[in-house]
Every structure is written in structure tokens, then in C-alpha cells.
Amino acid sequence: MAKYKKIKVPKTGTKITVEKDKIVVPDDPIIPFIEGDGIGPDIWKATQMVLDAAVEKAYKGTKKIIWMEIFAGDKAVKVYGKNQWLPKETVQAIKDYVVAIKGPLTTPIGGGIRSLNVTLRQKLDLFACVRPVKYYPGTPSPVKRPQDLNVVIFRENTEDVYAGIEFKANTKAAKELIELLSTKYKKHIRSGSGIGIKPISKFGTERLVKKAIEYAIEYGRKSVTLVHKGNIMKFTEGAFKDWGYQAAKKYFPNKIVTEADLWDKYDGKLPEGKILIKDRIADSIFQQVLLRPTEYEILATPNLNGDFLSDACAAQVGGLGIAPGSNMSYHYGLFEATHGTAPKYAGMDKVNPGSLILSGVMMLEYLGWKKAGTMVENSMKRTIKSKVVTYDFARQMKGAKKVKCSQFAKELVKNMK
Ligand code: NAD
């Protein structure tokens, strides 16, 4: 048993382990949680109540999550002291217990950390940011048929702009790079430019695309689309597309059909049980998800495309208030709300806990506790349809009953069947 300074390991409960490349989940898993800053404590309390109730209802006491608090953000500074935004033992605890869930965290100003979320992703090598986007009937949406969009975005999390390799304009390093590119490679960059490096590797692409296809197989989804800007950036974005297709053929030769083969060999009809692998240029996919949403299921993207696309898709079905997410490595899973800390609403018991609760549903599914996950999801559908919602939805819905964050959670528990 690992020894922590401030984390209190519960007296009961069992660790999730990884065996033969799979997570092994006991009936009483210890799951670390980070409450989060700002609205974090409110939405976390609501989430915990809903998840516990669903597990209890689904398994009648034979399964139970044993929660263990770990610290990051403002609360970590309170517990560990100055500048301790992300204590080492927090990262260690997630490694030790494999699966964790977190509320939003403030990005500290100063203290040498760019963003706690980015740091967590890097330290745990959480290379896939997974964001399912689908419509819950009744949710206010800006489009006519929001129900047509049902995608899961797999966004690469460690390369591209997230590698964070940048050089400020007019620094020695920036000048040296401009000089080197000019003299050695005959590539001319205007002097006084800032420089950013955009690395995309075969290794990084393969593992992301492989994860996306594995997900498509597990959840019976019919297509995986590689989203890239390869027409312009051939050796990064274009390579992402090429390596993506190669990975699909290498790891899943009997499961996939490429779009080219679909027409050449199958007359445009996807054979039963196969997954279609296609690709789309990044700018075009923004039109496609609006104009032909039913043609897309899983979208695998390099970092920056995925960043834009996941927020745009979330907006299409009603916004970040109910958009869930997770960050995954080969086995670690860190499930999180996709919005920020909304500081002006902190402690008001007001905001929508939907994003964190649905992230909890993703976590239950990852544990293999799908029955409990489905219960929460169905209850979310019923509750939104009944128009009992938090302020953000209520103000856009006719005849809605506005409730507090905690009341919305109670309503979800009440509507659980
Ligand atoms: P934000 O998402 O915190 O809030 C923007 C606005 O969105 C809020 O004012 C509110 O009107 C609305 N909103 C957000 N969550 C809501 C909810 N659950 N229910 C209803 N309305 C909601 O974005 P911001 O103001 O740009 O960022 C605030 C802080 O959060 C910053 O420190 C930022 O770095 C951090 N942040 C953290 C994460 C994360 O931890 N994953 C993500 C984004 C931003």
C-alpha cells in the first residue's frame, strides 16, 4: 500500500488493477476524486450523490464505489502549502488506483505551471481525450435537428500544439531557429516572428487511432473518420491521415473497410460487422457535422482540430453544460467536466452538474458497470424532458422549472429506474 502524506486511504475498498492488458475492477473499487475549484464542490457533490444512487439501485448493494479524496488546484494549496497546485502524490494516487474523476481546476497564474489539466495529461501520458457528443431531448439547441449528431471525438492529447514548444519573437532561440531554417533548409521566415513547433508522430497517431477503432468495435459504431488538414500540412496533419489508415489496416485487417475500398470492392455498401475508415479535411468536417451529421460516428483528430471540433459539436447539442469527457492512457482513465470553474457561480449551488455527471457515466462504462451508467443516462433524459433543469437550460426553455444544482441531482435520483 502506497504511503501518502495527506491523502487518507479509505479503510475499506479494493484497488483496481491492470492484468493482461485489461483493467480488473473489484465490487468495491477505491476511486480517487478531485473536487475541483470554483463550482467544482457543488457539481462534485451532485455527481457523487447520483453515481452512488445508481450503483446502489443497479446492483442492490453488491457493488459500491469507495471514494478517496485527492487534491489539486486551490484546495491542494490549502492542504499542502504555497504553490502546491498539483502535489506529486496526487499524480501517484491516480497511477496507483488507475481510474479517477475530477471537477474543473483553476489555471494558476504564476507558479510555473501552464495548466493543471495539461500537466496531469502529460504526467500520466493521457494521450486520448475522449468526448462523446449526443443530444438529450428537450435540451435547448441552436440547430433544427440536434438529435442527428451522435459522435465520439478522440482527440490526441500529447502532440501537435499541446506539445507546447514555442519561442517568443525576438528571443535568442527564435532568432537562431529562423537563421538555421534559412541557411540550412532554405525556408524563409519573417524576422521578428514567434515560432511554434507542431510535432505529430507515427507512434502518437497509431495509438490514438487504435484506441478509437477499439472503441468503435466495443460500442458497435459503424465508422471512424480521421480529421486532418493534410492538404496544407502534409508531413504533420497529412501524415496523421496516412498513419491512421496504416494503423487501421495493421491492427484490424478483418474488421475495417476503407472508404476507397467501399466503392471499389463493395459498391458503396458497408459489409455487415465492418467499420468504415474515412478521412475528412478539418474545415470540411465543421460543415459536415452540421449538414450531414448522421454520416459520422467516431472522429479521430490531432490536438488542435479536436479542440475546436469538440466544443463546436457540444454547442450543436446544447453546450458545454452537459458535455462529458475523459482523458485516457492505455489503462488510466481520468474523467472530467469539460467546462471550467465558472468562478462567478462558485458556492451558489446554481450551475448545471450534467457535464460531470455524464463524465461519471463514462467512468461507470469504463468500469464495466454499464447498467448503472444507463440508469443515470436514462434518468438524465427523463429529467431534461420533464423540464426540471438548472438556470442555464431554464432560461432557454418554455415552461421550465428552474432548480438548484443539488435539486437537479435529487431529481435525477428520483427519476432513476
Ligand atoms: P468556464 O467554463 O469556467 O465558464 C464560462 C461560462 O460558462 C460561465 O461563466 C458560465 O456562464 C458557463 N458555465 C460553465 N460551466 C457551467 C455549468 N456547469 N453550468 C452552467 N453554466 C456553466 O470558462 P472560463 O471562465 O473561461 O474559465 C474559468 C477558469 O476555469 C479558468 O481558470 C480556466 O483556466 C479554467 N478552466 C478549467 C478547465 C478544466 O479544468 N477542465 C477547462 C476550462 C477552463
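None of these values were measured; they are calculated from a predicted model.

**Some details on the overall build of the chain**
Logical step 1: Along the backbone of the chain there are 14 helices and 17 strands.
Logical step 2: Relative to the compact-globule value of 22 Å for 417 residues, the chain shows a C-alpha radius of gyration of 22 Å, a close match.
Logical step 3: Reported as C-alpha extents along the three principal axes, the dimensions of the chain are approximately 65 × 60 × 50 Å.
Logical step 4: By the burial criterion, 52% of the 417 residues in the chain qualify as buried.
Logical step 5: Of the contacts made within the chain by residues no fewer than 6 positions apart, 72% connect residues no fewer than 24 positions apart.
Logical step 6: As presented, the chain carries roughly 19800 Å² of accessible surface, and 53% of it is formed by carbon and sulfur atoms.
Logical step 7: Taking the 69 positively charged and 43 negatively charged side chains of the chain as two groups, their mean positions are separated by 3 Å.

**So, the pattern of salt bridges**
Logical step 1: In the structure shown here, the tally under the stated rule is 22 salt bridges.
Logical step 2: One salt bridge connects glutamate 377 with lysine 134, and the closest N-O pair in it is separated by 2.6 Å. Taken together, the positions of glutamate 377 in helix H12 (residues 370-385) and lysine 134 in strand S6 (residues 128-134) put the pair 243 residues apart, joining distant regions of the chain.
Logical step 3: The buried category is assigned to glutamate 377, whose relative accessible area is 10%.
Logical step 4: Judged by its relative accessible area of 31%, lysine 134 falls in the partly exposed class.
Logical step 5: A salt bridge links arginine 221 to glutamate 297; its shortest N-O distance comes to 2.9 Å. With arginine 221 in the loop between helix H6 (202-218) and strand S10 (223-228) and glutamate 297 in the loop between helix H9 (282-291) and strand S13 (298-301), this residue pair connects regions lying 76 residues apart in the sequence.

**Points about a positive patch on the surface**
Logical step 1: Positive charge collects at one region of the surface, where Lys5, Lys6, Lys8, Lys88, Lys95 and Lys123 lie side by side.
Logical step 2: As for its placement among the helices and strands, lysine 88 is situated in helix H3 (residues 88-97).
Logical step 3: Overall, the relative accessible area of 77% leaves lysine 88 in the exposed class.

**Considerations on the sheet that holds strand S11 (residues 256-258)**
Logical step 1: Overall, mixed pairing links the 11 strands, which are arranged S4-S3-S5-S15-S14-S6-S7-S13-S10-S12-S11 in an open sheet. Looking at the sheet topology across the chains shown, the edges are occupied by strand S4 (66-69) and S11. Taking the axes of each pair of neighbouring strands and ignoring which way they run, one obtains an average angle of 25° across the sheet.
Logical step 2: One ladder, built from four bridges, connects strand S3 (residues 30-34) with S4; its direction is parallel. Bridge assignment links isoleucine 31 to a residue of S4, and that residue is tryptophan 67.
Logical step 3: Against the sheet, helix H8 (residues 259-266) engages S11 and strand S12 (275-281), with an angle of about 90° to S11.

**Considering the packing of H12 against helix H14 (residues 405-414)**
Logical step 1: Put simply, H12 and H14 touch, their axes get as near as 8 Å, and they point 115° apart. In the packing of H12 onto H14, the handedness of the crossing is right-handed. Residues Ser379, Met380 and Thr383 of H12 form the contact with H14, whose own contacting residues are Phe408, Glu411 and Leu412.
Logical step 2: Broken down by class, the residue content of the contact of H12 with H14 amounts to three nonpolar, two polar and one charged.

**Describing the side chain of histidine 339**
Logical step 1: Within the secondary structure, histidine 339 sits in the loop between strand S15 (333-337) and helix H11 (354-367).
Logical step 2: Overall, histidine 339 belongs to the buried group, its relative accessible area being 18%.
Logical step 3: In contact with histidine 339, not counting residues within four places along its chain, are Ile39, Ile43, Pro104, Leu320, Asn352 and Ser355.

**What about the site of the ligand?**
Logical step 1: Within the structure, the ligand sits among 20 residues, and Leu105, Thr107, Asn117, Gly340 and Ala342 are positioned closest to it.
Logical step 2: The side chain of histidine 339 places a nitrogen or oxygen atom 3.2 Å from a nitrogen atom of the ligand.
Logical step 3: Measuring from a nitrogen atom of the ligand, one finds a backbone N or O atom of asparagine 352 at 2.8 Å.
Logical step 4: In isolation the ligand exposes 810 Å². Once the protein is present, 65% of that is buried.
Logical step 5: Looking at the shell around the ligand, the elements with two or more residues in it are S15 and helix H13 (391-394).
Logical step 6: Broken down by class, the residue content of the shell around the ligand amounts to nine nonpolar, seven polar and four charged.

Conventions and cut-offs
Residues numbered from 1 in each chain as written. Predicted model: local features only at pLDDT ≥ 70, side-chain atom pairs only at ≥ 80, totals over all residues. Heavy atoms only, no water. Helix = DSSP H or I, 4+ residues; strand = E, 2+ residues; numbered from the N terminus. Rg over C-alpha atoms; globule rule 2.2 N^0.38 Å. Buried < 20%, exposed > 50% of the residue type's maximum accessible area, 1.4 Å probe, protein only. Contact = heavy atoms within 4.5 Å. Areas by Shrake-Rupley, 256 points an atom, 1.4 Å probe, with all protein chains shown as cover. Lys, Arg positive; Asp, Glu negative; His and termini not counted. Charge placed at Lys NZ, Arg CZ, Asp CG, Glu CD. Salt bridge = Lys/Arg side-chain N within 4 Å of Asp/Glu carboxyl O. Patch = residues over 30% accessible without salt bridge, like charges linked within 9 Å, V, L, I, M, F, W, Y side chains within 5 Å. Pairing = 2+ DSSP bridges. Axes fitted to C-alpha atoms, helices over the stretch in contact; angles between N-to-C directions. Left-handed = near helix turned anticlockwise from the far one by under 90°. Nonpolar A, V, L, I, M, F, W, Y, C, P; charged D, E, K, R; others polar. Near = heavy atom within 4 Å. Polar contact = N/O pair within 3.5 Å; in protein donor to acceptor, adjacent residues only side chain to side chain.

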